[in-house]
Amino acid sequence: MAKFSKKRGKANPTISTASLPDIIFMLLFFFMVVTQLRDAELKVKVTTPYATELTKLEEKSLVNYLYIGRPVQRYQGVYGTKPRLQLGDKFSEVNEITLFLERHKLKVPESRHGQITSSLRVDGDVTMGIVQDVKTQLRKSGQLKVNYSARKDPKRKGSGVEGE
Amino acid sequence: MAKTRARDRMSTEINASSMADIAFLLLIFFLVTTTIVEDKGITVKLPPWSEEEPDITKLKTRNVFSVLVNAQDQLLVRGEIMPIEQLREKAKIFIANPYNDETMAEKPTKAIISLKNDRGTSYEAYLQVYNELKAAYNELWNELSQRKYGVPYSEDMKFAWKKAIRDEIPFVLSEAEPTAFGEE
C-alpha cells in the first residue's frame, strides 16, 4: 500500500501542453497548403450546371479562369443584366481574351505552355451566344484546351469513367 | 553589482506560452478563408481556328449522328424529336451498331457526331447534351475495355491499351457554327 500511495503522490497531475503549439502548427500548415485564396472577386453570378463525365483539373498554376454570367445585383446599375465576361477581377470584352491568355502565359514556364487549360466557369442560365463568341476567340488565340466547369450531378448516373 | 545580479536572475529563454495562441489565430484565419474548391469539369479540345472555309466533304448520311438543339432547348436527333434521357442510349447504339443496321454507322471509326446549337440555347442544355454524348463514348470504351482486358476503362490504364481502345472507337464530335434565331 505504501508503495502505491507514494508513487501517486509524486506524479504531476497537470498535462504538459508543451507540444500543443507543434500540433497547432501542423494543422496550420495543412490548411495553408490546401487553402486557395480566391484571387478574383466574382462580379458575375456563376452557378455551374450539373454533369457526370467530369475531369479534375490537376495543376492550378496551369489553369486560367474565364467567368461568364449575369452581373451581380451590385453591378447591374452600371453593367446591366446581359451576360458578361469576367477576366481576372474585371468585366471584359471578348477580344481582350488574347491579352489575358498572354499575361497568364508569362507566369508559366515555356515548356509547359501546351498544358495550359482554360476553365470556363459559365452560369447555367446563360445562352450559348456569348459562350460561342468566347470559344471562337479562344480558338483564334490558339488556346484549345478548355474545361467546361461543372458540378457532379448527385442524381444522374454517369458512365463511371474518370475522364482525361 | 546589484544590477547584474538582477539580469542574471532573468530567464534568457523567450516565453513561448503565447505561441499556441498565435498559431491558433492563424489557424482560425485559414480555416475561415479556405474554400476547398472542386475544380472539375468536362474537358474538351477545340478545333484550331482557320480562316478558310471548311471544305465540304460529303459524308454518308448513315455515318452522321446529327444533334440539333434549338433556342427552346429541344433536341432534334437525326430528324426526330428526342428527350435528353434517351440521347445516351441512342448514341451508343448508333456508334456501336450491334445489329448492323443499314441506317447506322458502318463501324465506330466512321461514326461522326455532329452537334449544332442555337445562340439562344441555354448553356445548361448544351452542356447536358455534350455530357450525354461524352458519356456514350465513355460507356462504349468501358465495355470494350472490359471485354478485351477485363479492366474498366480509366485514364491511368496502360497507354497501349488505352490507345488500342481509342483507335477502335475514336471520339469524333464536330460542332457546327450555331444558328442565330433565338439570341436574347
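Residues numbered from 1 in each chain as written. Chains lettered and ligands numbered in written order. Predicted model: local features only at pLDDT ≥ 70, side-chain atom pairs only at ≥ 80, totals over all residues. Heavy atoms only, no water.

Participant: Which residues make up the overall build of chain A, and what values do they have?
Facilitator: If you tally the helices and strands in chain A, you get 5 helices and 9 strands. When the helices and strands of chain A are placed in sequence order, the string is α-α-β-β-β-β-α-β-β-α-β-α-β-β. Looking at chain A residue by residue over its 164 residues, the buried ones come to 45%. Relative to all contacts within chain A whose residues are 6 or more apart in sequence, the contacts with residues 24 or more apart total 75%. (Helix = DSSP H or I, 4+ residues; strand = E, 2+ residues; numbered from the N terminus. Buried < 20%, exposed > 50% of the residue type's maximum accessible area, 1.4 Å probe, protein only. Contact = heavy atoms within 4.5 Å.)

Participant: Just give me the short version of the pattern of salt bridges, but keep the residues and values in it.
Facilitator: Counted by the stated rule, this structure contains 15 salt bridges over all chains. The partner of Glu59 of chain A in a salt bridge is Arg112 of chain A, with the nearest N and O atoms 2.9 Å apart. Taken together, the positions of Glu59 of chain A in the loop between strand 3 (55-56) and strand 4 (63-71) and Arg112 of chain A in the loop between helix 4 (97-106) and strand 7 (117-122) put the pair 53 residues apart, joining distant regions of the chain. For Arg112 of chain A, a relative accessible area of 25% translates into the label partly exposed. Here Lys92 of chain B and Glu143 of chain B are joined by a salt bridge, their closest N and O atoms 2.9 Å apart. Within this pair, whereas Lys92 of chain B is found in helix 3 (residues 84-96), its partner Glu143 of chain B is found in helix 4 (residues 123-149), the two being separated by 51 residues in sequence. (Salt bridge = Lys/Arg side-chain N within 4 Å of Asp/Glu carboxyl O.)

Participant: Outline a nonpolar patch on the surface, listing residues and values.
Facilitator: Nonpolar side chains collect at one region of the surface, where Leu20, Ile23 and Leu27 of chain A together with Phe24, Ile28, Leu31 and Val32 of chain B lie side by side and expose about 590 Å² of accessible area between them. When contributions to the nonpolar patch are tallied by element, the ones reaching two or more residues are helix 2 (20-34) of chain A together with helix 2 (19-33) of chain B. Here the nonpolar patch gets 4 residues from one element, more than from any other, and that element is helix 2 of chain B. (Patch = residues over 30% accessible without salt bridge, like charges linked within 9 Å, V, L, I, M, F, W, Y side chains within 5 Å. Areas by Shrake-Rupley, 256 points an atom, 1.4 Å probe, with all protein chains shown as cover.)

Participant: If you had to explain the interface of chain B and chain A to someone new, which residues and values would you point to?
Facilitator: Between chain B and chain A, the contact holds 50 residues from the first and 60 residues from the second. For the pair chain B and chain A, the summed buried area comes to about 5300 Å², and 59% of that belongs to carbon and sulfur atoms. The three residues of chain B that bury the most area against chain A are Asp39, Lys40 and Tyr123 of chain B, which together make up 16% of that side's buried surface. The interface formed by chain B and chain A holds 2 salt bridges in total. For Asp133 of chain A, the salt bridge is made with Arg119 of chain B, and the minimal N-O distance between the two is 3.0 Å. (Buried area = accessible area lost by both parts, 1.4 Å probe.)

Participant: Would you mind going over the nonpolar core in detail, with residue names and values included?
Facilitator: Grouped together as the largest cluster of nonpolar side chains are 57 residues, with contacts concentrated most on Leu66, Val134 and Leu138 of chain A together with Phe65, Leu87 and Val129 of chain B. It is helix 4 of chain B that provides the largest number of residues to this core, a total of 11 residues. Setting aside residues no more than four positions away along its own chain, Val129 of chain B makes contact with Val67, Val69, Leu75, Ile84, Leu87 and Leu115 of chain B. If you look at the next biggest cluster of nonpolar residues, it comprises 7 residues, including Val44, Leu57, Val63 and Tyr65 of chain A. (Core = buried A, V, L, I, M, F, W, Y, C linked by side-chain atoms within 4.5 Å.)

Participant: Outline the packing of helix 3 of chain B against helix 4 of chain B, listing residues and values.
Facilitator: Residue and element names in this part refer to chain B. Interhelical geometry of helix 3 versus helix 4 gives an angle of 45° and a closest axis separation of 9 Å. Judged by the inter-axis angle, helix 3 sits oblique to helix 4. Taken as a pair, helix 3 and helix 4 cross one another with a handedness that is right-handed. Between helix 3 and helix 4, the contacting residues are Ile84, Leu87, Arg88, Glu89, Ala91, Lys92, Ile95 and Ala96 on the first element and Gln128, Val129, Glu132, Leu133, Ala135, Ala136, Tyr137, Glu139, Leu140 and Glu143 on the second. Classifying every residue of the contact of helix 3 with helix 4 gives 11 nonpolar, 1 polar and 6 charged. (Axes fitted to C-alpha atoms, helices over the stretch in contact; angles between N-to-C directions. Parallel < 35°, antiparallel > 145°, perpendicular 65-115°, else oblique. Left-handed = near helix turned anticlockwise from the far one by under 90°. Nonpolar A, V, L, I, M, F, W, Y, C, P; charged D, E, K, R; others polar.)

Participant: Account for the sheet that holds strand 4 (residues 80-81) of chain B, with residues named and values stated.
Facilitator: All names here are of chain B. Taking strand neighbours across the sheet as the criterion, the 5 strands line up as 4-3-2-5-6 in an open arrangement whose pairing is mixed. Edge positions in the sheet fall to strand 4 and strand 6 (173-175), since each of these pairs with one other strand and no more. One ladder, built from 3 bridges, connects strand 2 (residues 64-69) with strand 3 (residues 75-77); its direction is antiparallel. Within strand 3, the position partnered with Leu68 by the bridge is Leu76. (Pairing = 2+ DSSP bridges.)

Participant: Requested: an account of the pairing of strand 5 (residues 112-117) of chain B, with residues and values cited.
Facilitator: Residues and elements named next belong to chain B. Counted residue by residue, strand 5 has 5 buried out of 6 residues, so it is predominantly covered. With 6 bridges connecting them, strand 2 and strand 5 associate as parallel partners. What sits directly across from Phe65, in strand 5, is Ile113. Relative to strand 6, strand 5 runs parallel, the two sharing 3 bridges.

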